[in-house]
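# Notes for the structure review
Each chain, written out:
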Amino acid sequence: MSAASLIFTGLFYFAAAVLLAGLAWKIADYAKTPAPLLIPTTPAPTTTGGVVLRMAREVLLFESLFKSGLWLWAMGWLFHLGLALVLLRHLRYFTEPVWAWVALLQPFGIYAGFAMAAGLAGLLARRILLERIRYISTPSDHLMLLLLLAIAASGMVMKFVFHTDIVGVKAFFLGLMLFDPQPLPVDGPLYVHLSLVAMLMLIFPFSKLLHAPGVFFSPTRNQVDNPREARHLSAWAAKMEGK
Amino acid sequence: MAGPEIKAPEMRAYPLIPRLAPGAMAATKSYVANEKVQEEIGFPGKLVDDWHDKAIGKMGELLGKYRSLKVFMDSCVHCGACSDKCHYFLGTGDPKNMPVARQDLMRSVYRRHFTLAGKLVPKLVGARELTRDVLDEWYSYFNQCSECRRCSVFCPYGIDTAEVTMAAREILDCVGYGQKYSNEIIGKVHKIGNNLGLPGPALANTLEGLEEDVLEDTGVAVRYPLDVKGAEVLLVTPSADFFAEPHIESLIGYGKVFHAAGISWTLSTKASEAGNFGMFIGNYEQLRKIAMRVREAALELGVKRIVVGECGHAWRVAYSFWNTLTGIGEGAAGGKPDPFAIQLQSQLDHRYRQPMHICELTWDLIGAGAISFDKEANDHRIITFHDSCNVARGSRMGDTAGGQFEIPRNIIRAVANHYVEMAPGTTHEQTFCCGGGGGLLTDDLLDLRIKGALPRMEALNLVAGGQGVNFMATICAICKAQFSKILPYYGFKMGMVGGVHQLVSTSIKLGDK
Ligand code: SF4
Ligand code: SF4
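Residues numbered from 1 in each chain as written. Chains lettered and ligands numbered in written order. Predicted model: local features only at pLDDT ≥ 70, side-chain atom pairs only at ≥ 80, totals over all residues. Heavy atoms only, no water.

### A few points about helix H15 (residues 312-326) of chain B
Here is the rule: Here the bend at a residue is taken as the angle between two axes, fitted respectively to the seven residues that end there and the seven that start there. Per the convention used, a helix needs a DSSP run of H or I reaching at least four residues, while a strand needs a run of E reaching at least two, with both numbered from the N terminus. Three exposure classes are used, based on accessible area relative to the maximum for each residue type with a 1.4 Å probe and protein chains only: buried under 20%, partly exposed in between, and exposed over 50%.
Taking the largest bend as the criterion, H15 of chain B deviates by roughly 55°, centred on Ser320 of chain B. Within H15 of chain B, 15 of the 15 residues are buried, leaving the element largely enclosed by the surrounding structure.

Structure (structure tokens):
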């Protein structure tokens, strides 16, 4: 195997390990930190089923963001929807045989790439042009958008300009998953694309990308509004009652 | 004072988001608590020498105790959805009054001390050391947030700046850098029993005087009882209701409702304050200690029901936290043995909601036909309703979500003929804070209070001009006090604000019982 293949093999094992371990650690940390008081932003659902629905609207439709304004919602939603479809489309590199619904998605996945890039470009423009948003942006906020844009662009370059040996790419990733490393096709745009993706995986658990697991643990969104009906008491607060 | 000195911002028909005015409010600092005030409630008297390490230590402790804080520190993506939602930003243009920027005052320090990225590449991720300047900035701007939660409505992750503000104030208190107004009030609650420092005998006098006034006014002997053992209802209400205008009009109203419905009730000297500033300063121990007075009073008096008067944050604490803090509610903790909660819960009458808002009580009575009204008595008023933040976004009334919006409005429509809604986007869950909540109702922050009221005043101005609205009803003692003070700065009459039970009081038929 070439040096490049070896490097990418190592890189992806490392990136996957960091991503999974980092997220698992963060999620465990969120889960074990108590929420001593009931603080749902009301009006809030009064049943668990209602909370599931609220969370689903939040995660799938970005309900709160929609309330805040149409433009930001449109760009944010377009980007995330595009990203989701693109990710699903990529499942074909990790499954053999390719699942039927993934195959069905393929043509949409292509448009999704454009949607994702358009959404990202809009978000970046907003960050630069709007005084308020420029004020709150850190360098990492800009770089994050640029990184995602570069991933989308390098992906589309491989699709539309310099075609990549996707059979070889698939063999590489199936090999990784079966712990039977295979060579990666020699291909500049592919190297760029994969390096950037690995970088994204590496920073995920240490950055604001934690909003993805975070939203599920947000007490203002995931709590049932039933304080009068059921007594909610955290362990550290309960200790005060002994005294 | 001869006339208003501070000028209010101009009201516009179509409000725009202001241009940024960096530093505009940096010098606005409410008075720092002195040694006596601090020490009385168990905080260091002045800024401790090792404040930096203490503050970071406290932050670590809070991150471990409050999931909200931990998740909120990590999750913000700087999308800016909240950036134009704070009334203090809209009124001042100071970028640090944007909710996200306010959070970032703490988040930057969080990143520096508690995240890998902030330790490795602080500049890149906006991480900062907690310097004395940063600490002063915390003091300024975390005392320019009314903890109204409006920003949390719009954040895609539900990040509630109020939670961050509470944590910051808790840290500041613990290093000896507390705010005078809130901490002094907490001291008074413990010493005297209420925020305004009204001692028991004075309270008894006031209530007697009130009975005389109402008798003279209506010819009916409505009672305002204090410390009556065995009464059915314990009413816990903000102490402003005992003597401040227009608050007292609502107190008169509560008494008339109890009288007309024939419910025996009492106030309590020990729990002569519904307000709980423990929430404002984010200190769980104080929050609990202040709430415990109500539990103790209820046990001593042997009441069957606990009803809360018109006070926004008090209702949030009562509705959302009392069961947790004091066992006023239903259901033992997680089905486990819970003798603490059961002691009080077995005394209370669970055919009624516990605790209950006075509006729930009145509305239930109206529904049952137990009280009736001469609606025309309110015909001189064209009424609108200002939703108070803590009621709107931190509590509920009735059995369905959103009852906190419907029930007060239903009461107004049942007791008066002319009701007008303010513009959507300024009411219900998106209501604008009065500008004086969250421990900011102090004259040393008058400038901020006037500017922060701008969005509400603009909405009021539209219905006042268009539909002739001349009365803004609200169910919060802070809203009432704040509006009474700042309405004149905007060219409105001070008496334009009042309670929902003031309207009830005007038109309720007392009959003779
Ligand atoms: S809680 Fe209210 S006052 Fe505080 S930042 Fe949010 S909108 Fe502003
Ligand atoms: S809306 Fe939420 S995620 Fe967006 S900037 Fe504000 S706090 Fe951060």
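### Some thoughts on the sheet that holds strand S7 (residues 497-499) of chain B
Residue and element names in this part refer to chain B. As a reminder of what qualifies: Criterion used throughout: strands pair if DSSP finds at least two bridges between them. The axes used here are C-alpha line fits, helices contributing only the stretch in contact, and every angle between their N-to-C directions lies in the interval 0 to 180 degrees. Here a residue-residue contact requires only that any non-hydrogen atoms of the pair lie within 4.5 Å.
Spatial ordering of the open sheet is given by S5-S6-S7, a layout of three strands whose pairing is parallel. Looking at the sheet topology across the chains shown, the edges are occupied by strand S5 (383-385) and S7. The average undirected angle you get between the axes of adjacent strands in this sheet is 35°. Sheet analysis places strand S6 (residues 471-474) next to S7, joined by three bridges and oriented parallel. Across the sheet, Met472 pairs through a bridge with Val497, a residue of S7. Packed onto the sheet, helix H22 (residues 477-486) meets S6 and S7 and runs at close to 160° relative to S7.

### Some words on the interface of chain A and chain B
For the record, the criterion: For any pair of parts, buried area is found by adding up, for both, the accessible area (1.4 Å probe) each one loses once the two are put together. Whenever Lys or Arg places a side-chain nitrogen within 4 Å of a carboxyl oxygen from Asp or Glu, that contact is recorded as a salt bridge. Polar contact criterion, stated in full: a pair of N or O atoms within 3.5 Å, where within protein one must be able to donate a hydrogen and the other to accept it, and residues adjacent in sequence count only if both atoms are side-chain atoms.
Residue-level contacts link 62 residues of chain A with 89 residues of chain B. Here chain A and chain B share an interface that buries about 5900 Å² over both sides, 57% of which is from carbon and sulfur atoms. Of all residues in chain A, Arg132, Arg228 and Arg231 of chain A give up the largest surface area on contact with chain B, accounting jointly for 16% of the area buried on that side. At the junction of chain A with chain B, the criterion picks out eight salt bridges. For Asp338 of chain B, the salt bridge is made with Arg231 of chain A, and the minimal N-O distance between the two is 2.9 Å. Here chain A and chain B share 46 residue pairs in polar contact (both at pLDDT 80 or more) between them. Of all the elements in the fold, those that place two or more residues in the side of chain A that touches chain B are helix H1 (3-32), helix H3 (63-68), helix H5 (100-129), helix H6 (131-136), helix H7 (139-160), helix H10 (211-217), helix H11 (219-222) and helix H12 (235-242) of chain A. Element by element, the count of residues in the side of chain A that touches chain B is highest for H6 of chain A, at five residues.

### Description of the sheet that holds strand S1 (residues 233-236) of chain B
All names here are of chain B. Strand order across the open sheet formed by four strands is S2-S1-S3-S4, with parallel pairing between neighbours. Looking at which strands have only one partner, the edges of the open sheet turn out to be strand S2 (265-266) and strand S4 (356-357). By the bridge criterion, two bridges tie strand S3 (residues 305-308) to S4 in an arrangement that is parallel. Bridge assignment links Val308 to a residue of S4, and that residue is His357. On top of the sheet, helix H14 (residues 284-301) reaches S1, S2 and S3; it is set at about 155° to S1, its chief contact.

### Remarks on the pattern of salt bridges
Scanning the model with the defined rule gives 42 salt bridges over all chains in all. For Glu40 of chain B, the salt bridge goes to Lys36 of chain B, with nearest N and O atoms at 3.9 Å. Of the two residues, Glu40 of chain B and Lys36 of chain B both sit in helix H1 (residues 35-40), four residues apart, roughly one turn of that helix. Accessibility expressed as a relative area gives 42% for Glu40 of chain B, which makes it partly exposed. Across the pair Asp104 of chain B and Arg107 of chain B runs a salt bridge whose closest N-O atoms are separated by 2.7 Å. Within this pair, Asp104 of chain B and its partner Arg107 of chain B are both found in helix H5 (residues 99-114), separated by three residues, close to a single helical turn. Among the residues examined, Arg107 of chain B registers a relative accessible area of 0% and is labelled buried. Connected through shared salt-bridge partners, Arg228 of chain A together with Arg353, Glu360, Asp364 and Asp399 of chain B make up one network.

### Concerning the nonpolar core
Selection criterion: Nonpolar core, defined: a set of buried Ala, Val, Leu, Ile, Met, Phe, Trp, Tyr and Cys residues in which side-chain atoms within 4.5 Å join the residues together.
Membership of the largest hydrophobic core comes to 222 residues, with the highest contact counts inside it found for Met106, Trp138, Trp322, Met457, Leu460 and Tyr490 of chain B. With nine residues, H7 of chain A is the largest single contributor of residues to this core. Excluding residues that lie within four positions of it along the chain, Tyr490 of chain B makes contacts with Ala8, Pro9, Met11, Ile450, Lys451, Ala453, Leu454 and Met457 of chain B.

### Here we look at the site of ligand 1
Residue and element names in this part refer to chain B. For clarity, the threshold we go by: Here, proximity means that at least one heavy atom of the residue falls within 4 Å of the molecule or strand. In the scheme used here, Gly and all other residues not listed as nonpolar or charged are polar, with Ala, Val, Leu, Ile, Met, Phe, Trp, Tyr, Cys and Pro taken as nonpolar and Asp, Glu, Lys and Arg as charged.
Residues in close proximity to ligand 1 total 13 residues, the closest being Cys86, Cys145, Ser146, Cys148 and Cys151. The set of elements that each furnish at least two residues to the shell around ligand 1 consists of helix H4 (87-92), H5 and helix H8 (150-154). The residue makeup of the shell around ligand 1, split by class, is six nonpolar, three polar and four charged.

### Side note on the domain arrangement of chain B
Residues and elements named next belong to chain B. Rules: Throughout, the edges of the domains are those of an automatic or database domain assignment.
Domain parsing of chain B yields domain 1 (35-178), domain 2 (193-359) and domain 3 (373-507). Relative placement of domain 2 and domain 3: their C-alpha centres are 22 Å apart. Listed as interface residues are 28 residues of domain 2 and, on the opposing side, 28 residues of domain 3. Note on domain 2 versus domain 3: buried area summed over both sides is about 2200 Å², and carbon and sulfur give 61% of it. Looking at the side of domain 2 facing domain 3, the largest losses of area belong to Pro246, Glu310 and Cys359, adding up to 25% of the total buried there. At the boundary of domain 2 with domain 3, the tally comes to two salt bridges. A salt bridge links Lys480 to Glu310; the shortest N-O distance between them is 2.6 Å. Secondary structure elements with two or more residues in the side of domain 2 that touches domain 3: helix H12 (247-261), helix H13 (277-280), H15 and helix H17 (358-367). For the side of domain 2 that touches domain 3, the element with the highest residue contribution is H12, accounting for eight residues.

### Focus on the packing of helix H3 (residues 67-75) of chain B against helix H9 (residues 161-174) of chain B
Residue and element names in this part refer to chain B. Note the cut-off: Roughly parallel covers angles under 35 degrees, roughly antiparallel covers those over 145, roughly perpendicular covers 65 to 115, and oblique covers all other angles. Helix crossings are classified by the rotation of the near helix relative to the far one: an anticlockwise turn of less than a right angle makes the crossing left-handed, while a clockwise turn makes it right-handed.
Contact pair H3 / H9: the axes reach a minimum separation of 10 Å and the direction vectors enclose 110°. One element, H3, and the other, H9, form an angle in the roughly perpendicular class. Here the hand of the crossing between H3 and H9 comes out left-handed. Residues Ser68, Leu69, Phe72 and Met73 of H3 form the contact with H9, whose own contacting residues are Glu163, Val164 and Ala167. Along the lines of polarity and charge, the residues of the contact of H3 with H9 split into five nonpolar, one polar and one charged.

### Here's the deal with the packing of H12 of chain B against H17 of chain B
Residues and elements named next belong to chain B. Viewed as axis vectors pointing N to C, H12 and H17 meet at an angle of 35°, and their least axial separation amounts to 11 Å. Between H12 and H17 the crossing geometry is left-handed. Taking contact as the criterion, the partners of Tyr254, Val257, Phe258 and Ala261 in H12 are, on H17, Ile358, Leu361, Thr362 and Leu365. The residue makeup of the contact of H12 with H17, split by class, is seven nonpolar, one polar and no charged.

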